[in-house]
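Observations on the three-dimensional arrangement
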Amino acid sequence: MAESRIAIYGAIVANVAIAVTKFVVAGLTGSSAMLSEGIHSAVDTFNGVLLLVGLRLSQRPATDEHPFGHGKELYFWSLMVAVLIFGLGGGVSFYEGIHHIRDPEPLSDPTWNYIVLGAAALFEGASFVIALRQFRGQARGRPFWNALHASKDPGTYTVLAEDGAALLGLVVAATGIFLSHRFGMPELDGAASVVIGLLLAGVAVLLVRESRGLLIGEGIRRETAQDIRSIARAQPHVRDVGRILSMYMGPEEVLVTVDLDFDPGTRTEEAAAVITVIQRQVRARYPMIQRLFIEAGEARA
């Protein structure tokens, strides 16, 4: 959680400075792509605040109404962030681009646009490096795309996706402004805004997919379940391992239930000792499995 906050705070600071500058320059030069980039940065700033709200609410202690805690609050707020990226970021940028194509206005001197885009690239790049560093620490040496898909911490991978989209958006905006001014075709500036809108919409769809899976009860990976099954089968008196049910209750908390069938004649104390060993080994290998429930099938006194 601490690593996620660092990445989010870095993104908020960068986006506030960038958004204000982009809006000012967009007003001075009349660039549609620059206006879209300003909207993009403003939405990213608000998204960072929502992620901080989600982090804070997710750490509330368990109550009678929520006996497993409030870890899924973070997944809800990350879903809201993805919706905002799609609606406000992607939708408004797309609309602004279409409007500028239909009613083009010639750009004035683009020098300030390039200066602001260069400064924005530095800020966004710094924020991206911070988020990437935190993400690499959580990945524990796994390949990047594998770790990105396996990550259950929206605070980090959302900032990483936003900053990556922002850097690509800056390239698109700079290209649109340059071509528009070079060939005297302001429609190209609007086209760049449309591309930025589509880029944000694509990132939002990916974030919605990840948040939705976690919110409706995504479980542990198949490899992890197979490893738990192997640990259980290696114990004495265990005849078979039944269903392994799991669900992420938060980025660092997983609920797992395991059904065990013991050999006929296994005594209760023997079954209890086996269950204790399995719980110890599983939790040592997978610290995020904080709630592990094992039900004995054939155990008897």
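Here the structure is a predicted model, which means the values were calculated and not measured.

Regarding the overall build of the protein
For the protein, the count of helices and strands is nine helices and three strands. In the protein, the succession of helices and strands from N to C terminus is α-α-α-α-α-α-α-α-β-β-α-β. A compact globule built from 301 residues would reach a C-alpha radius of gyration of about 19 Å, whereas the protein, at 25 Å, exceeds it by more than 25%. Each principal axis of the C-alpha distribution contributes one length, and for the protein these read about 85 × 30 × 30 Å. In the protein, buried positions account for 46% of the 301 residues. Residue pairs at least 24 apart in sequence account for 74% of intrachain contacts in the protein once pairs closer than 6 positions are excluded.

Examining the confidence of the model for the protein
The predicted model of the protein averages 85 in pLDDT, with 94% of residues at 70 or higher. Ranking the helices and strands of the protein by mean pLDDT puts helix 8 (residues 222-233) first, with 94, and helix 5 (residues 144-150) last, with 69.

Focus: the nonpolar core
Core analysis: the biggest nonpolar cluster contains 64 residues, and I228, V256, V258, L260, V282 and I289 have the highest contact counts within it. The greatest single-element share of this core, amounting to eight residues, is contributed by helix 1 (residues 2-29). I289 has contacts with I228, V254, V256, V282 and R283, leaving out every residue within four places of it along the chain.

Section: the side chain of S127
Position of S127 relative to the elements: it lies in helix 4 (residues 111-139). Judged by its relative accessible area of 2%, S127 is buried. If sequence neighbours within four positions are ignored, S127 has contacts with G10, A11, A14, V159 and D163.

A short note on the packing of aromatic side chains
This model, assessed by the stated rule, comprises one aromatic pair. Geometrically, the ring pair formed by F76 and W77 is edge-to-face, given 5.3 Å between the ring centres and 80 degrees between the ring planes. Overall, F76 belongs to the partly exposed group, its relative accessible area being 34%. For the cation-ring pair, K152 lies above Y248, with the distance from its terminal atom to the ring centre recorded as 5.5 Å.

Rules and cut-offs
- Residues numbered from 1 in each chain as written.
- Predicted model: local features only at pLDDT ≥ 70, side-chain atom pairs only at ≥ 80, totals over all residues.
- Heavy atoms only, no water.
- Helix = DSSP H or I, 4+ residues; strand = E, 2+ residues; numbered from the N terminus.
- Rg over C-alpha atoms; globule rule 2.2 N^0.38 Å.
- Buried < 20%, exposed > 50% of the residue type's maximum accessible area, 1.4 Å probe, protein only.
- Contact = heavy atoms within 4.5 Å.
- pLDDT = per-residue confidence, 0-100.
- Core = buried A, V, L, I, M, F, W, Y, C linked by side-chain atoms within 4.5 Å.
- Phe/Tyr/Trp six-rings, centres within 6.5 Å; stacked < 30°, edge-to-face > 60°.
- Lys NZ or Arg CZ within 6 Å of the ring centre and 35° of its normal.

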